[in-house]
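Here is what each chain is made of, one letter per residue.
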Amino acid sequence: MSFVTVWFVKSLKPMESKTSKIIQADSDALIAAVFDIRTEVFVHEQKCLPSEEFDELDAQAIHFLLFDNQRPVSTGRIRKTNKGIKIERIATLKDSRGKGFASEMIRHLIQEAQQRYPEQTYFYLHAQVDVMPLYRSLGFEPYGGTFIEADIVHQAMELQLN
């Protein structure tokens, strides 16, 4: 294991917050909260079409919600694919941004995936180019060229853990 990998894995410990908590969205009510956040962020703010935002993969993915003071403010999902673990649909409500919730969510998704799929060490995602610094700060590196997804420029990024 390289120093960087050891450091990264150790840095994945959850950032405990007295006000935030992440849980799996495993009920209709919790999934509705996930979809409410994604609707607000992707459909209303970013003007994505609902048909592009909500897909058949929602049924296959494992969804999570981050609560701040018992209010759902951030979400994300993971899927196991032939390639590895795909991290998707990271969204934080506008009034809750800048508080580290997206980073906390991504760390949690990686930890959950490691527990559920210990043989999987490859993580990847499609980052909106404006958010690439967030993913870089968590160890993800870009690969390939940029592309358009839902009328927004994206960059594929990856993280290999050993």
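In what follows, the structure referred to is the one given above.
Notes on the structure in this doc start here. Given the structure is predicted, the values throughout are model-derived calculations rather than measurements.

**Quick word on the environment of Gly139**
Step number 1: For Gly139, the location among the structural elements is in the loop between helix 5 (132-137) and strand 6 (141-149).
Step number 2: Under the relative-accessibility criterion, Gly139 is labelled partly exposed at 29%.
Step number 3: Sequence separation between Gly139 and Glu158 is 19 residues; the distance between their C-alpha atoms is 8.3 Å.

**Concerning the nonpolar core**
Step number 1: Ranked by size, the top nonpolar core spans 28 residues in total, and within it Ile87, Ile106, Phe123, Tyr135 and Phe140 carry the most contacts.
Step number 2: Considering every element that reaches this core, the biggest residue donor is helix 4 (residues 101-116), with seven residues.
Step number 3: Once residues lying within four places of it in the same chain are set aside, the contact partners of Phe140 are Ile87, Ile106, Ile110, Phe123, Tyr124, Leu125, Tyr135, Met157, Glu158 and Leu159.
Step number 4: If you look at the next biggest cluster of nonpolar residues, it comprises 13 residues, including Leu30, Val34, Phe67 and Ile152.

**Some remarks on helix 4**
Step number 1: Counted at 1.5 Å a residue, the expected span for helix 4 with its 16 residues is 22 Å, and the 22 Å between its end C-alpha atoms agrees.
Step number 2: Among the 16 residues in helix 4, 13 count as buried, and that is most of the element.

**With respect to the layout of surface pockets**
Step number 1: Within this model, the largest pocket holds a volume of roughly 730 Å³.
Step number 2: Contributing to the lining of the largest pocket are 36 residues, with Phe42, Arg89, Ile90, Gln128 and Tyr135 lying nearest its centre.
Step number 3: Of all the secondary-structure elements, those providing two or more residues to the lining of the largest pocket are helix 2 (28-45), helix 3 (50-53), strand 4 (85-92), helix 4, strand 5 (122-128), helix 5 and strand 7 (152-160).

**Thoughts on the pairing of strand 4**
Step number 1: For strand 4, a buried count of eight out of eight residues is recorded, marking the element as mostly surrounded by other parts of the structure.
Step number 2: The pairing of strand 3 (residues 71-80) with strand 4 spans six bridges and is antiparallel. Within the sheet, the bridge partner assigned to Lys80 lies in strand 4 and is Ile85.
Step number 3: Here strand 3 folds back onto strand 4, and the loop between the two strands holds four residues, one of which, Gly84, carries a positive phi near 160°.
Step number 4: Here strand 4 pairs with strand 5 via two bridges, running parallel. Bridge pairing in strand 5 links Lys86 to Tyr124.
Step number 5: In the classification by handedness, the crossover that spans strand 4, the intervening helix 4 and the parallel strand 5 is right-handed.

**Some points on the packing of aromatic side chains**
In this description, an aromatic ring pair is defined by two values, namely the gap between the centres and the angle between the planes.
Step number 1: Evaluation of the coordinates by the stated rule reveals three aromatic pairs.
Step number 2: With 5.0 Å between their ring centres and 65° between their planes, Phe35 and Phe54 make a pair best called edge-to-face. Remark: Phe54 occurs in the loop between helix 3 and strand 2 (62-68) and Phe35 occurs in helix 2; sequence separation between them is 19 residues.
Step number 3: The partly exposed category is assigned to Phe35, whose relative accessible area is 27%.

What counts and how
Residues numbered from 1 in each chain as written. Predicted model: local features only at pLDDT ≥ 70, side-chain atom pairs only at ≥ 80, totals over all residues. Heavy atoms only, no water. Helix = DSSP H or I, 4+ residues; strand = E, 2+ residues; numbered from the N terminus. Buried < 20%, exposed > 50% of the residue type's maximum accessible area, 1.4 Å probe, protein only. Core = buried A, V, L, I, M, F, W, Y, C linked by side-chain atoms within 4.5 Å. Contact = heavy atoms within 4.5 Å. Expected span 1.5 Å × (residues − 1). 1 Å grid on protein atoms, 1.4 Å probe; cavity = no way out; pocket = protein on both sides within 12 Å on 5 of 7 lines; lining within 4 Å. Points joined across faces, edges and corners; volume = space filled by probe spheres on them. Pairing = 2+ DSSP bridges. Right-handed = clockwise from strand over helix to strand, strands pointing away. Phe/Tyr/Trp six-rings, centres within 6.5 Å; stacked < 30°, edge-to-face > 60°.

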